[in-house]
Amino acid sequence: MEHIEAIRKRQLGLALGVGIPYFAFVIGIFLYVYLAKETVTQVIILGFPLHYWLVAIAIYPVTWILFIWYVGQANAMEDEIQQEGGA
Amino acid sequence: MEAGYQIPITALVLIGLMLAFTVVTTWMFRRQKTSADYYLAGRKVNSFINASAISSDYLSAASFLGVAGVAFLYGFDGIIYALGFFVGYIALLLFLASPLRKFGRYTVPDFVSERFHSKQARVLGVIGVLFVSLFYMAPQMLGAGKVMGLLLNMEYGTAIVVIALIITAYVTVGGMKGTTVNQLVQFWILFGAMFLLAFIPFVIKGYTYTDVVRFISEFKGTPPGSDKILDGAAYTGPAHWLTNLKDTISLLLALMFGTAGLPHILVRFYTAPDGKAARRTVIYVLFLIGMFYILSPYVGHVIRYVYLQGDAMGVSPHLMKWLAANGKNLAVPVAGSYFGGQILLGIVVAGAFAAILSTVAGLIIACAGAIGHDLVVNVFNPDMPEHSRVKVARIASVMVGLLGIPLGFIAENMQIAILVGLAFAIAASTFFPVLVMGVWWPRMTQGGAVAGLVMGIAGSFAMILGKGYLPQVLQFKNPGGFVMMLSFLAIYAVSKIEYNSKGEAALPHDTDEVMAILHGPERG
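Residues numbered from 1 in each chain as written. Chains lettered and ligands numbered in written order. Predicted model: local features only at pLDDT ≥ 70, side-chain atom pairs only at ≥ 80, totals over all residues. Heavy atoms only, no water.

The next subject is the packing of aromatic side chains. Geometry of an aromatic ring pair is reported as the spacing of the ring centres plus the angle between the planes. Residues and elements named next belong to chain B. Counted by the stated rule, this structure contains 43 aromatic pairs over all chains. Judged by centre distance (5.7 Å) and plane angle (70°), the ring pair of Trp 188 and Phe 191 falls under edge-to-face. With a gap of three residues between them, Trp 188 and Phe 191 both fall in helix H8 (residues 156-204), about one helical turn apart. Judged by relative accessible area, Phe 191 falls into the buried class, the value being 12%. Summarising the aromatic geometry, the rings of Phe 257 and Phe 432 are spaced 5.1 Å apart at their centres and angled 25° between planes, so their arrangement reads as stacked. One end of the pair, Phe 257, is in helix H11 (residues 245-258); the other, Phe 432, is in helix H16 (residues 416-440), and 175 residues separate them in sequence. In this pair, the class of Phe 257 matches that of Phe 432, namely buried. Chaining the aromatic ring pairs together yields one cluster made of Tyr 58, Tyr 74, Tyr 81, Phe 85, Tyr 89, Tyr 136, Trp 241, Phe 292, Tyr 293 and Phe 424. We note Lys 246 situated over the ring of Phe 476; from NZ or CZ to the ring centre the distance is 4.7 Å. A cation over an aromatic ring shows up here: Arg 304 above the ring of Phe 72, its NZ or CZ 4.3 Å from the ring centre. (Phe/Tyr/Trp six-rings, centres within 6.5 Å; stacked < 30°, edge-to-face > 60°. Helix = DSSP H or I, 4+ residues; strand = E, 2+ residues; numbered from the N terminus. Buried < 20%, exposed > 50% of the residue type's maximum accessible area, 1.4 Å probe, protein only. Lys NZ or Arg CZ within 6 Å of the ring centre and 35° of its normal.)

What follows covers the nonpolar core. Residues and elements named next belong to chain B. The biggest cluster of nonpolar side chains holds 217 residues, and the ones touching the most others in it are Phe 64, Leu 96 and Tyr 293. Here the element with the most residues in this core is helix H14 (residues 317-380); it accounts for 32 residues. Look past the residues within four positions of Phe 64 in its chain and what remains in contact with it is Leu 190, Ala 193, Met 194, Phe 292, Val 332, Val 348, Gly 351, Ala 352 and Ala 355. (Core = buried A, V, L, I, M, F, W, Y, C linked by side-chain atoms within 4.5 Å. Contact = heavy atoms within 4.5 Å.)

Here we come to the interface of chain A and chain B. On the side of chain B, 52 residues touch chain A, which itself brings 46 residues to the contact. Taken together, the links from chain A to chain B amount to three salt bridges. Residue A:Glu78 is joined to B:Arg279 by a salt bridge in which the shortest nitrogen-to-oxygen separation is 3.1 Å. Those elements giving two or more residues to the side of chain A that touches chain B turn out to be helix H1 (2-35), helix H2 (37-42), strand E2 (48-49) and helix H3 (50-86) of chain A. Examining the composition of the side of chain A that touches chain B, we find that 20 residues originate from one element, H3(A), more than from any other. Considering only residue class, the side of chain A that touches chain B consists of 32 nonpolar, nine polar and five charged. (Salt bridge = Lys/Arg side-chain N within 4 Å of Asp/Glu carboxyl O. Nonpolar A, V, L, I, M, F, W, Y, C, P; charged D, E, K, R; others polar.)

Before going further, it helps to examine unusual backbone geometry. Note on backbone geometry: most residues besides glycine have negative phi, and most peptide bonds are trans. All names here are of chain B. With a phi close to 50°, His 117 is a non-glycine residue in the positive phi region. With respect to the helices and strands, His 117 occurs in the loop between helix H6 (108-116) and helix H7 (119-151). Positive phi, close to 60°, is recorded for Asn 153, a residue that is not glycine. On the secondary structure map, Asn 153 appears in the loop between H7 and H8.

Residue and element names in this part refer to chain B. Put simply, helix H3 (residues 47-58) and helix H13 (residues 275-309) touch, their axes get as near as 8 Å, and they point 50° apart. Relative to H13, H3 is oriented oblique. Regarding H3 and H13, the two cross each other, and that crossing is right-handed. In contact with Ser 47, Phe 48, Asn 50, Ala 51, Ser 52, Ile 54, Ser 55 and Tyr 58 of H3, H13 contributes Ala 277, Arg 280, Thr 281, Tyr 284, Val 285, Leu 288, Ile 289 and Tyr 293. Taken together, the residues that form the contact of H3 with H13 break down as ten nonpolar, five polar and one charged. (Axes fitted to C-alpha atoms, helices over the stretch in contact; angles between N-to-C directions. Parallel < 35°, antiparallel > 145°, perpendicular 65-115°, else oblique. Left-handed = near helix turned anticlockwise from the far one by under 90°.)

Looking now at the packing of helix H5 (residues 79-103) of chain B against helix H19 (residues 511-519) of chain B. All names here are of chain B. Relative to each other, H5 and H19 sit at 120°, their axes nearing to 7 Å. Considering the angle they form, H5 stands oblique to H19. Regarding H5 and H19, the two cross each other, and that crossing is right-handed. Between H5 and H19, the residues in contact are Pro 99, Lys 102 and Phe 103 and Val 514, Ile 517, Leu 518 and His 519, respectively.

With that settled, consider the confidence of the model for chain B. Should the pLDDT be low somewhere, the predicted coordinates at that spot are not to be read in detail. Residues and elements named next belong to chain B. When pLDDT is averaged across chain B, the result is 86; 96% of the residues are at 70 or more. Element-level pLDDT for chain B is lowest in helix H2 (residues 35-40), with a mean of 65, against a maximum mean of 95 in helix H18 (residues 480-502). As scored by the predictor, the complex reaches a pTM of 0.87 and an ipTM of 0.92. (pLDDT = per-residue confidence, 0-100.)

And the structure:
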């Protein structure tokens, strides 16, 4: 059972290691946009206001890239666990 | 029929084809040998097909009509719905998709009941599933009645009855297999419709997102058909509608964590062949719905851009009337009609029809599982033979499907996306905490699970329906984030107290074995 406990902690470590910064990033963007709205609305990048860039556009590719990486890592860990379990 | 409006022929053709396809697939999949076949399509659904079906389950009337509608109505603040609905899958991917599939049961109440060996938890789980799903079904029926009724020239009540009967019939006969194949087709119709709605103004007309936002932000005046002044700078800026930070954060948390507690989405992960396939499925879903949620707020903005210029852009009087009277729910059909005439309007109508059909079908399957599998079989008659279980599943599907009719009447004067937001609030506060803690915390006790479920159900019930009786500080536009935290707290506190007084005896006797199933190597 110690083996399973070690696996659980490894999986949880990976999930929280990715999840906490990601959720902090999403909530942080929102807080930034809402609390610093005077500043944010003044910043224009390529003709588009910063708050639109952050909330309506950028969040999507950032999420895709991060979680493709995460699924690769999590499934590789799964294969490793499977091999250890079968050995 | 309303002056200036004609039912688009393309809508009738597409809906006709969709229904013909539904009849064929339902007939093909009518034979369900076991309840696993009926509820979970035999657990053999390929990741991409499953992702399309999940996306279709997820992109309901709230997403198809509501997200663009909220963006049209509230500008930048409306985008919170698109973002929250999208980010919702992350919690599911990180904490639940793979372990739940490895656990390999049928429904969400199955998990809570078997993890904690508690019939009480199962019954609470069933109440939670029904509470979430019926709150979710009401706005779908509202979309069916208001929008489909208008676009297909039917009375509100007639539209609700017709759509409820169609969905009930095909889910009851086809089960999860038939529903999955239909949802796959429905997804590509609704996604195609949203793609065209964005592609035509952006690429063909040249109304870039940048130009649209700039024009609106410089506008100050009275929009046509309205007596209220629109300040474009405020509309395109943050905190125009969401003026209270407490409300904004609670809404965002409900949307971010509610997806991971939606029974009709969770049940789909049981249909994947294994835990790794469940994770891959979420990645496909993130791509599909991400594309959709980038496009729909743009459509909401572009139709505001057109509306503000009214006659100068040649918008017909009946479209202006629709936008002024019910822009929140009709912005998408107006965009279809304005940018693509009868053909695109027809595709949009078919897309809305597909969105409603697929989501309600998923909700019916989830509720039928909760009633048929969890309540009738597992609580009242665990020895029921397999063929009778399929019969029970079908009877439960009919009951739930028909319940959509009164729900549609109750929801008649509400806003689609906001109602769905409340369903997310209940899901985030009822199931998400119990599932996450149940999967990852070996020291969670049965009392903790029950406390979490009771807090989620009673807390959200009190804060949504009894809002008017609460002190100001406890009144939220969407209480999901707040009740979710209370629910986590209840689970932690009750489990700790039980563990401190009884030690290891407070834990379910097979906790180690269950943890090995959830986290250990997958058993072939």
